[in-house]
Amino acid sequence: RRVQLKIITLFPELIRSYLGDALIAKALNKNLLSIELIPLRDFSDNSYKSVDEAPFGGGDGMLIRADILEKALLTILDKAKNQKVIYFTPQGKLFTSAEAQQIAQDQMGADEIILICGRYAGVDQRFIDQYVDEEWSIGDYVLSGGEIPALVVIEAVSRFVPGVLGQLQSAEEDSLQNQLLEAPQYTRPQVWNEQKVPDVLLSGDHKKIKEWKQKMALEVTQKKRPDLLKKRNSET
Ligand code: ADE
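Sequence order as written defines the numbering, with residues in each chain counted from 1. Only residues with pLDDT of at least 70 get local features here, since the model is predicted, and only at 80 or more are side-chain atom pairs given and counted; chain-wide, interface and lining totals rely on the full set of residues. Calculation of side-chain values draws on the structure's entire complement of heavy atoms; hydrogens and water are dropped beforehand.

Here a patch means residues that are over 30% exposed by relative accessible area and free of salt bridges, tied together within 9 Å if like-charged and within 5 Å if nonpolar (Val, Leu, Ile, Met, Phe, Trp, Tyr). The Shrake-Rupley method, run with a 1.4 Å probe, gives the accessible areas here. Residue values count only the displayed protein chains as cover. The rule for a salt bridge is simple: a side-chain nitrogen of Lys or Arg has to be within 4 Å of a carboxyl oxygen of Asp or Glu. On the surface, Tyr-141, Leu-143, Ile-148 and Val-152 cluster together to form a nonpolar patch covering roughly 330 Å² of accessible area. Secondary structure follows DSSP: runs of H or I at least 4 residues long count as helices, runs of E at least 2 residues long count as strands, and numbering of each begins at the N terminus. Along the chain, Tyr-141 falls in the loop between β7 (134-137) and α6 (147-158).

Here is the structure:
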């Protein structure tokens with residue numbers, strides 16, 4: 001099985017330029033991930049290739065037209081498939097490691113995920129009402145478009161696709177797995193500026209090392225992100 005993402009965007013080249021990233025390229029080359037870019041401008045109905053209009057009732061900025069987005073979406077909608085349509089907006093539900101993992105596992109139960117990247121001041125609400133299953137945000141700040149959120153999703157998901165990271169373990173040991181941050185890490189030289197690497201890491205005792213990493217993960221999380229621990233305790 002593989003993760004299938006289709007992305008409707010005004011800046012396909014922005015997204016494409018990032019797909020050469022080592023991790024993502026590996027997922028694409030191994031056919032564990034497929035990404036199809038649908039350039040929204042191709043569906044413009046005028047010679048200026050514009051896709052936006054001023055909002056009714058006034059207000060700043062331009063909105064992407066519902067009819068043009070629909071034309072783009074209809075080229076990939078398929079009644080025979082269970083497709084999930086996501087729109088990126090700061091109004092959406094926060095995209096976290098848990099969602100990334102769910103997409104990597106079984107695409108949240110869908111056959112295919114369609115990501116809609118907005119631009120300008122947003123999109124016509126009627127399009128959202130008619131076609132969008134879920135709205136996602138990547139954080140509490142306003143970006144100019146959904147392309148960076150789409151890249152965030154691609155990269156976060158790729159790390160969880162089995163066979164992409166070196167050791168299967170790696171993504172699961174990384175920060176935020178189970179709402180825990182990662183233990184501190186050290187490499188050569190063993191002593192640097194009079195600072196030593198913790199003895200346990202040089203001991204070769206794998207059980208002890210594992211215990212130390214777990215203990216440190218808890219400590220680091222308690223110190224830096226106590227909110228994660230609260231969330232973790234309420235889940236278990
Ligand atoms: N579009 C604009 N800002 C965004 C955000 N923070 N998350 C997702 N999509 C966005």
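Taken as a whole, the protein chain is organised into domain 1 (3-158) and domain 2 (175-235). All domain edges in this entry derive from an automatic or database-based domain assignment. One C-alpha centre belongs to domain 1, the other to domain 2, and the line joining them spans 36 Å.

Cis geometry marks the peptide bond from Arg-188 to Pro-189; its omega dihedral reads 0°. Mapped onto the fold, Pro-189 is located in the loop between α7 (169-173) and β8 (191-192). The phi dihedral of Asn-31 falls on the positive side, at around 65°, and the residue is not glycine. With respect to the secondary-structure elements, Asn-31 resides in the loop between α2 (22-29) and β2 (33-39). Of note, the phi angle at Lys-49 is positive, near 65°, even though the residue is not glycine. For Lys-49, the position within the fold is in the loop between β2 and β3 (52-53).

Next up on the list: helix α8 (residues 206-224). The span one expects for a helix is its residue count, reduced by one, times 1.5 Å. Compared with the 27 Å implied by 1.5 Å per residue over 19 residues, the 26 Å span of α8 between its first and last C-alpha is a close match. Along α8, the positions that sit buried rather than exposed are Ile-209, Trp-212, Met-216, Ala-217, Val-220 and Thr-221. Summarising the axial view, the buried residues of α8 lie within an arc of 160°, below the 170-degree limit, and thus occupy one face. Only heavy atoms matter for contacts: two residues are in contact if any of them lie within 4.5 Å across the pair. The inward-facing, buried residues of α8 abut α9 (226-235). Note on classification: 1.4 Å probe, protein chains only; a residue is buried when its accessible area is under 20% of the maximum for its type, exposed when over 50%, partly exposed between these limits. By definition, the arc is the one covered by directions from the helix axis to the C-beta atoms.

This part takes up the environment of Pro-12. Mapped onto the secondary structure, Pro-12 falls in helix α1 (residues 12-16). Expressed as a C-alpha distance, the spacing of Pro-12 and Arg-41, which sit 29 residues apart in the sequence, is 9.8 Å. Setting aside its immediate chain neighbours within four residues, Pro-12 contacts Leu-37 and Pro-39.

Take the pattern of salt bridges next. For side chains of opposite charge, pairing can occur when their charged atoms come near one another. Per the counting criterion, the structure on display carries eleven salt bridges. Its salt-bridge partner being Lys-6, residue Glu-112 comes within 3.4 Å of it at the nearest N-O pair. Taken as a pair, Glu-112 in strand β6 (residues 112-116) and Lys-6 in strand β1 (residues 3-9) lie far apart in primary sequence, 106 residues in all. As far as the burial class goes, Glu-112 and Lys-6 line up, both buried. Taken together, the salt bridges that share partners define one network made up of Lys-6, Glu-36, Lys-81 and Glu-112.

Turning our eyes to something else, we now look at the site of the ligand. Around the ligand, a shell composed of Phe-88, Thr-89, Pro-90, Trp-136, Ser-137, Ile-138, Gly-139, Tyr-141, Val-142, Leu-143, Gly-145 and Pro-149 is seen. One of the backbone nitrogen or oxygen atoms of Ile-138 is found 3.0 Å away from a nitrogen atom of the ligand. Within the backbone of Gly-139, a nitrogen or oxygen atom sits 3.1 Å from a nitrogen atom of the ligand. When the ligand is considered free in solution it has 260 Å² of accessible area, and contact with the protein chains removes 95% of it. Being near a molecule or strand, for a residue, means having at least one of its heavy atoms within 4 Å of it. In protein, a polar contact means a hydrogen-donor-capable atom and an acceptor-capable atom, both N or O and within 3.5 Å, with residues adjacent in sequence counting only if both atoms are side-chain atoms; elsewhere, any N or O pair within 3.5 Å suffices.

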